[in-house]
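Below, each chain spelled out in residue letters.
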Amino acid sequence: MTPGKKVSSFHPPHRILMGPGPSDIHPRVLSALGQPVIGHLDPAFVDMMEQLKDLLRYTFQTKNALTFPVSGPGSVGMETCFVNLVEPGDKVIVCRNGVFGGRMVENVERCGGIPVVVEDAWGEPVDPNKLEDALRSNPDAKVVAFVHAETSTGVQSDARKLVGLARQRGALTIVDAVTSLGGTPMRVDTWGIDAIYSGSQKCLSCTPGLSPVSFSERAVERVKARKKKGQSWFMDLNLVLEYWNAPGGKRAYHHTAPVNALYALHESLVLLRDEGIENAWARHRRHHLALKAGLEAMGLKFLVREDARLPQLNAALVPAGIDEAVVRRQLLEEFNLEIGAGLGPLAGKIWRFGLMGYSCKIENVMMCLSALGSVLADAGHTCTLGQGEAAAHDVYATLHAEVAAAHKK
Ligand SMILES: *Cc1c(COP(=O)(O)O)cnc(C)c1O
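The following refers to the structure shown. Note that the structure is predicted; figures quoted are calculated from it, not measured. (Residues numbered from 1 in each chain as written. Predicted model: local features only at pLDDT ≥ 70, side-chain atom pairs only at ≥ 80, totals over all residues. Heavy atoms only, no water.)

## Notes on the overall build of the protein chain
Okay, so step 1: For the protein chain, the helix and strand inventory stands at 14 helices and 13 strands.
Okay, so step 2: Relative to the compact-globule value of 22 Å for 409 residues, the protein chain shows a C-alpha radius of gyration of 22 Å, a close match.
Okay, so step 3: Expressed as a percentage of its 409 residues, the buried residues of the protein chain come to 56%.
Okay, so step 4: In the protein chain, 72% of the contacts between residues at least 6 apart in sequence involve partners at least 24 apart.
Okay, so step 5: Put simply, the protein chain shows about 17800 Å² of open surface, and 55% of that area lies on carbon and sulfur atoms.
Okay, so step 6: Charged side chains in the protein chain number 44 positive and 43 negative. The centres of these two groups are separated by 3 Å. (Helix = DSSP H or I, 4+ residues; strand = E, 2+ residues; numbered from the N terminus. Rg over C-alpha atoms; globule rule 2.2 N^0.38 Å. Buried < 20%, exposed > 50% of the residue type's maximum accessible area, 1.4 Å probe, protein only. Contact = heavy atoms within 4.5 Å. Areas by Shrake-Rupley, 256 points an atom, 1.4 Å probe, with all protein chains shown as cover. Lys, Arg positive; Asp, Glu negative; His and termini not counted. Charge placed at Lys NZ, Arg CZ, Asp CG, Glu CD.)

Here is the structure:
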């Protein structure tokens, strides 16, 4: 301890999280965390785990037996997929159009695989024609990997199409759904995805640190048929399974499960199940349309073309002459509102407005537009105060009228 410095309890400020994650957490999820810890082999805990796996199958829209939360953040879910499915010498096609595709390439290399990179510009979705060409010139590719929702740019790629192309050529697919799961349509079985990972802290609105994953039968066969053990003991699915998917419920100790975090994930998935997954997708779209109208009314432009935008991650270009970091700092200090900055080549050029999970609601949209309008006006940006909120209001009013008319029919 630093001499003379008194350390007391930590009390974080109350923020509204509208960045790239983590997102706000429902009070019911926070109170689930504070329940008493029990042993991770306790029969009561084991029952909760079985429910958790079912809730995850619903969220992923899959019947995959091997569906469970990895103990670790989204990056550990990513690594679990690569470490188990890529053997030294395997050719892996990685579609890269942002930060997280780059991380996938790094994973392939560390597993001793040979990455074949399909490049698209940051802000563009993955081009299916380029993947098709890569598959044609690399008929020996074992795996195709891509990011469904690129959080670094706010772009959504056509997962169904990309997976279809890979399957035609007999390649397995690894899909990053860290930001997509719960916020935008994802149908693991209908689309035929083999390995998928997500994160607890984005559209699932749980505490950071867990990564739901799901593997198809084909993927499980590939793992079982490995010539050599993978380099990771912790992530070896064959070992983890003896805890999560033990036959006859005879679970063996592998590592101590993050018990309370799993209570929280269970509660966040109960909330999602009660809302209905399709209603959650529709909610993200509705608030995205309102936020978009508001941002555009203030003169902001989107980075991504309209048909490839993610509802849960809105990347807007910083207007000329505005210091983006000053705006973010003022939003945080005066309004307790967190939004995201740009990464890599987009640093200083965009803001990222997240509308994820519990953060995705009308009061956040309206407060964000109001706060941003006020901060932008201070910064010298020409916009009329209240313009953003008025535009968002019109979108909500139109959507409500449409719903009411549909009910009358
Ligand atoms: C956040 C994110 C990750 C990494 O998740 P962590 O929980 O930060 O490890 C991976 N991929 C995408 C698309 C993400 O948005």
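Let's pick the thread back up.
## A word on the sheet that holds strand β12 (residues 337-341)
Okay, so step 1: Within the open sheet, the 4 strands sit side by side as β1-β12-β13-β11. Their pairing is mixed. In the strand order of this sheet, the two ends are held by β1 (16-18) and β11 (313-317), each with one partner. Geometrically, the sheet is characterised by an average inter-axis angle of 30 degrees between neighbouring strands, direction not taken into account.
Okay, so step 2: In the sheet, β11 pairs with strand β13 (residues 350-354) via 5 bridges, with the strands oriented antiparallel. Paired with leucine 317 across the two strands is isoleucine 350, which belongs to β13.
Okay, so step 3: Relative to the sheet, helix α12 (residues 324-335) contacts β12 and β13, its axis offset from that of β12 by approximately 160 degrees. (Pairing = 2+ DSSP bridges. Axes fitted to C-alpha atoms, helices over the stretch in contact; angles between N-to-C directions.)

## Digging into the nonpolar core
Considering soluble globular proteins, one finds that nonpolar side chains tend to be buried as a cluster.
Okay, so step 1: In terms of nonpolar packing, the biggest core is built from 87 residues, with Phe45, Phe82, Ile93, Ile174, Met186 and Phe215 touching the most fellow members.
Okay, so step 2: Considering each element in turn, this core owes the most residues, 9 residues, to helix α10 (residues 259-275).
Okay, so step 3: Here this core gathers at least three residues from each of two domains, domain 1 (27-273) and domain 2 (277-408).
Okay, so step 4: In this view, isoleucine 93 contacts Val116, Val118, Leu131, Ala134, Leu135, Ala141, Val143, Val144 and Ala145; residues no more than four positions away in its chain are not counted.
Okay, so step 5: Ranked by size, the runner-up nonpolar core spans 32 residues in total, among them Val327, Cys368, Leu372 and Leu399. (Core = buried A, V, L, I, M, F, W, Y, C linked by side-chain atoms within 4.5 Å. Domains from an automatic or database assignment.)

## Re the packing of α12 against helix α13 (residues 362-378)
Okay, so step 1: Where α12 meets α13, the closest approach of the two axes is 10 Å, and the angle between their N-to-C directions is 120 degrees. As far as their axial angle goes, α13 and α12 are oblique. Between α12 and α13 lies a crossing whose hand is right-handed. Listed contacts from α13 to Val327, Gln330, Leu331 and Phe335 of α12 are Met367, Ala371, Leu372, Ser374, Val375, Leu376 and Asp378. (Parallel < 35°, antiparallel > 145°, perpendicular 65-115°, else oblique. Left-handed = near helix turned anticlockwise from the far one by under 90°.)

## A word on the site of the ligand
Okay, so step 1: In the vicinity of the ligand lie 13 residues, with Ser75, Thr151, Asp176, Gln201 and Lys202 positioned nearest.
Okay, so step 2: The separation between an oxygen atom of the ligand and a polar main-chain atom of glycine 74 is 2.8 Å.
Okay, so step 3: In the model, an oxygen atom of the ligand is placed 2.7 Å from a nitrogen or oxygen of the lysine 202 side chain.
Okay, so step 4: Here the ligand, which alone exposes 380 Å², has 88% of that area covered by the protein. (Near = heavy atom within 4 Å. Polar contact = N/O pair within 3.5 Å; in protein donor to acceptor, adjacent residues only side chain to side chain.)

## Some words on the environment of tyrosine 243
Okay, so step 1: Its location among the elements puts tyrosine 243 in helix α9 (residues 237-244).
Okay, so step 2: Since its relative accessible area comes to 1%, tyrosine 243 is described here as buried.
Okay, so step 3: With residues near it in sequence (within four places) discarded, tyrosine 243 still touches His40, Leu41, Phe45, Met49, Arg251, Ala252, His254 and Ala257.

## Some remarks on the pairing of strand β2 (residues 66-71)
Okay, so step 1: Among the 6 residues that make up β2, 6 are buried, leaving the element largely enclosed by the rest of the structure.
Okay, so step 2: With 6 bridges joining them, β2 and strand β10 (residues 210-215) adopt antiparallel strand pairing. Across the sheet, the residue bridging to threonine 67 is serine 214, located in β10.

## Remarks on the side chain of lysine 53
Okay, so step 1: Note on placement: lysine 53 falls in helix α2 (residues 43-60).
Okay, so step 2: Exposure remark for lysine 53: the relative accessible area of 4% places this residue in the buried category.

## Topic: the environment of histidine 284
Okay, so step 1: Inspection of the secondary structure puts histidine 284 in helix α11 (residues 277-297).
Okay, so step 2: In this structure the C-alpha to C-alpha distance between histidine 284 and arginine 222, which are 62 residues apart in sequence, comes to 36 Å.
Okay, so step 3: Excluding anything up to four places from it in sequence, histidine 284 contacts Gly182, Gly183, Cys203, Pro311, Gln312, Leu355, Met356, Gly357 and Cys360.
Okay, so step 4: Of the polar contacts made by the side chain of histidine 284, one reaches the backbone oxygen of alanine 280; its length is 2.8 Å.

## Quick look at the sheet that holds β2
Okay, so step 1: Ordered by their spatial adjacency, 7 strands build an open sheet running β2-β10-β9-β8-β5-β3-β4, and the pairing between neighbours is mixed. Of all the strands in the sheet, the pair left with one neighbour each is β2 and β4 (114-119). Direction aside, neighbouring strands of the sheet carry axes that sit 20 degrees apart on average.
Okay, so step 2: As paired elements, strand β8 (residues 172-176) and strand β9 (residues 195-197) share 3 bridges and run parallel to each other. Across the sheet, the residue bridging to valine 175 is isoleucine 196, located in β9.
Okay, so step 3: Strands β2, β5 (143-147), β8, β9 and β10 of the sheet are contacted by helix α3 (residues 74-85), whose axis makes an angle of about 160 degrees with β9.
Okay, so step 4: Of the strands in this sheet, β3 (91-96), β4, β5, β8 and β9 are in contact with helix α4 (residues 99-110), which crosses β3 at around 165 degrees.

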